[in-house]
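What follows is the residue order along each chain.
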Amino acid sequence: MLRHPSKIITSATSYFMHQYTKHYLNVDNPSKGLPLPPENKPYLLYVHVPFCSMFCPYCSFNKFTYTKEAASVYFEHLRQEILHVKSLGYDFDYLVIGGGTPLIDEDELIKTIELIKTQFNIQHVSCESDPNHIKPKTVLRLDGLIDRLSIGVQTFDDTLLKKLGRFEKFGSGEEVYRKIESMLGILPITSVDLIFNFPEQSEAGLVRDLELLKKLSPEQTSVYPLMTSSLVKNSVRKSLGEFSMAHEMAFFKTIKKQLKTAYPSRHGWSFSKEQDAIIDEYIIDHEEYVGVGSGSFSFLKDTLYLNEFALDQYSSHIQNRNSAVIKEKTFPQNSQMYYRLMVDLFNGKLSKRKFHSMFGVEIEEALGKELMLLRLAKTVVEDEHTIQTTEFGDYLFLVLMKEFYMGMDRIRNNARKHLSL
Ligand SMILES: C[S@@+](CC[C@H](N)C(=O)[O-])C[C@H]1O[C@@H](n2cnc3c(N)ncnc32)[C@H](O)[C@@H]1O
Ligand code: SF4
C-alpha cells in the first residue's frame, strides 16, 4: 500500500530527530556549578518538587514516593540551594514550579514561594497541581502567591482513567470536572492539561474531552501528544496497550479546529483565551533559565547543566557545597540555531531579524539547506521578514518538539538508572 507523502515526511523527520538527540543530547561532563550571571539580567527560575503519592504509567518526570519526612528535608535543602543561587548574583522575574506534585506539602511550598519572593523581583508565578490539591480552601491560600495553576486532568474518560490508575486516586472524570469547577476564578489563570493519542483513544473520545474542557472553560489549556520515551514505553504498553502514530496528525488537526474559537491563541500544544497571557513551557519560551531541585536542568548561554537526581545525594551536595549541579554540556552554535528554528516554528512563526540578532548571521546563510527541505515539504510559507508554518508544518514541528522532549527523557533515564523510587 502506498503511504501518503505527509506520513513519509513525518516518519523521516521523527527518525532524524531521534538520531540527532541520541547523538547530541547528552550531558556527560563533570561540572563545578553554575557560572556567574551578567549584571541586571533577570532569568526564569524553575523549582522542581519531585514527590508523588502514585506514579502514572506515562509519566517520565523525576519523582519519588512522598513521605512527609523526606519532603521536609528536601524543601529545607531546596531553600538553601535557592539562597546559593541568589548569592551568585542571579535575579529572576518569572517562577515556574513543577513536579511531581508541587502542592503535596502545601506549607513547605508556600514557605518556599514566600522566600523566593523576598529574594527576587518575581513578576509571574506558575505552578502545577494534580486534581487532589485544588480544594478552594487550599487555592485561596495561594491567591496572591501564584498567578497560574495548571492542573493535570489528562482525560475525562473513566475507562482511560481506570487504565492509568488515576480514577482510584483522583476520582472519575466527572469528579475531577467538579473539583476544577469549584476553584475556577480564584487565581488569575487556571490551565488544564490533557493528553491525546492514548492507545485505543477514538476521535469521538477526544472530541468529548475537548467539549468538556470548553464547557469548564479554564483560561488556558495544554493538550500534549502522548510521549512514549524508553522510560515509559513498557508501562504505557502494559497499562494501555500498543501505541501508534496513525491518528496523531488527524487528532492534532481536530484539537486545533475544536479550540480555535474558544482558545484563539496557540503556542505549540498550549492554547489560551487571551493573546498575551502566560504559557509556561519554560524550556520552550525562555532562551535561558536556572533550575533548582533534584533532577533540574539549567540552560545558560550555550550550556546545559544538570542537577543530581537521587534525593540523598542531592541533600549531601547541598550540605557540602550549596549546589547540586553535577554535569554540563556546551552546545556548538549550529545546534543552538537548529533549536531556535525548531522552537520558533513550533510556536508558528520565526522572525528573520530576531534570528540575525541572536546569531549574527542571516538564517538563509546559516540554515539554507534545512529551509530548502522545509519548503519542499510544504511546511512553511514566508515573506521578507518572517517564516510561518503551514497546517502540515504545525504538526511536523509538534513531532520534532515531542522527539526533543523524549531526548531530554533519555538524559533523565541515564541519570536515574541506579535509583530506587
Ligand atoms: C509533571 S506533570 C505534573 C502533573 C500532576 N502531578 C498531575 O498528575 O496531575 C505535568 C503534565 O505533563 C504531562 N505529561 C506527563 N507525562 C506525559 C507524557 N508521557 N506525554 C504527554 N504529556 C505528559 C501531563 O499532562 C501532566 O499533567
Ligand atoms: S502525572 Fe503527576 S501524579 Fe502522575 S506520576 Fe507524573 S507527576 Fe506524579
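Definitions and cut-offs
Residues numbered from 1 in each chain as written. Chains lettered and ligands numbered in written order. Predicted model: local features only at pLDDT ≥ 70, side-chain atom pairs only at ≥ 80, totals over all residues. Heavy atoms only, no water. Helix = DSSP H or I, 4+ residues; strand = E, 2+ residues; numbered from the N terminus. Near = heavy atom within 4 Å. Polar contact = N/O pair within 3.5 Å; in protein donor to acceptor, adjacent residues only side chain to side chain. Areas by Shrake-Rupley, 256 points an atom, 1.4 Å probe, with all protein chains shown as cover. Salt bridge = Lys/Arg side-chain N within 4 Å of Asp/Glu carboxyl O. Buried < 20%, exposed > 50% of the residue type's maximum accessible area, 1.4 Å probe, protein only. Patch = residues over 30% accessible without salt bridge, like charges linked within 9 Å, V, L, I, M, F, W, Y side chains within 5 Å. Domains from an automatic or database assignment. Contact = heavy atoms within 4.5 Å. Buried area = accessible area lost by both parts, 1.4 Å probe. Pairing = 2+ DSSP bridges. Axes fitted to C-alpha atoms, helices over the stretch in contact; angles between N-to-C directions.

Caption draft 1: Quick peek at the environment of Val49. Along the polypeptide, Val49 turns up in strand 2 (residues 42–49). In the structure, Val49 is positioned 160 residues away from Asp209 in sequence and 28 Å away in space, judged by C-alpha atoms.

Caption draft 2: Structural detail: the site of ligand 1. Inspection of the region around ligand 1 gives 19 residues, with Tyr58, Gly99, Gln154, Arg166 and Met227 positioned closest. Between Arg166 and ligand 1, the recorded distance is 2.9 Å, taken from a side-chain N or O atom to an oxygen atom. In this structure, an oxygen atom belonging to ligand 1 sits 3.0 Å away from a side-chain N or O atom of Asp193. Contact with the protein chains removes 94% of the 570 Å² of surface that ligand 1 exposes when unbound.

Caption draft 3: How the structure looks around the pattern of salt bridges. Counted under the stated rule, the structure contains 20 salt bridges. Between Lys402 and Glu248 there is a salt bridge, with its nearest N and O atoms 2.6 Å apart. Placement of the pair is Lys402 in helix 17 (residues 391–416) and Glu248 in helix 10 (residues 248–259), with a sequence separation of 154 residues. With respect to class, Lys402 is no different from Glu248; both count as buried. A single network of salt bridges, built from pairs that share partners, joins Lys256, Arg266, Glu391 and Asp394.

Caption draft 4: Molecular detail of a nonpolar patch on the surface. A grouping of Met372, Leu373 and Leu376 is seen on the molecular surface, where their side chains present a nonpolar patch of about 340 Å² in accessible area. On the basis of relative accessibility, which here comes to 46%, the residue Met372 falls in the partly exposed class.

Caption draft 5: Quick peek at the domain arrangement of the chain. For the chain, the assigned domains read domain 1 (8–27 + 333–413) and domain 2 (29–285). Using only C-alpha atoms to locate each centre, domain 1 and domain 2 end up separated by 25 Å. Across the contact, 22 residues belong to domain 1 and 25 residues belong to domain 2. Here domain 1 meets domain 2 over a buried area of about 2200 Å², counting both sides, of which 62% is carbon and sulfur. The three residues of domain 1 that bury the most area against domain 2 are Tyr395, Lys402 and Tyr405, which together make up 27% of that side's buried surface.

Caption draft 6: Examining the sheet that holds strand 18 (residues 386–389) more closely. If you trace the three strands from one edge of the open sheet to the other, you get 16-18-17, paired in antiparallel fashion. The sheet is open, and its two edges are formed by strand 16 (349–351) and strand 17 (380–382), each paired on a single side. When strand polarity is set aside, the average angle formed by the axes of neighbouring strands in this sheet is 20°. The sheet contact formed by strand 17 and strand 18 spans three bridges and is antiparallel. Bridge pairing in strand 18 links Glu382 to Ile387. Packed onto the sheet, helix 14 (residues 352–359) meets strand 16, strand 17 and strand 18 and runs at close to 55° relative to strand 16.

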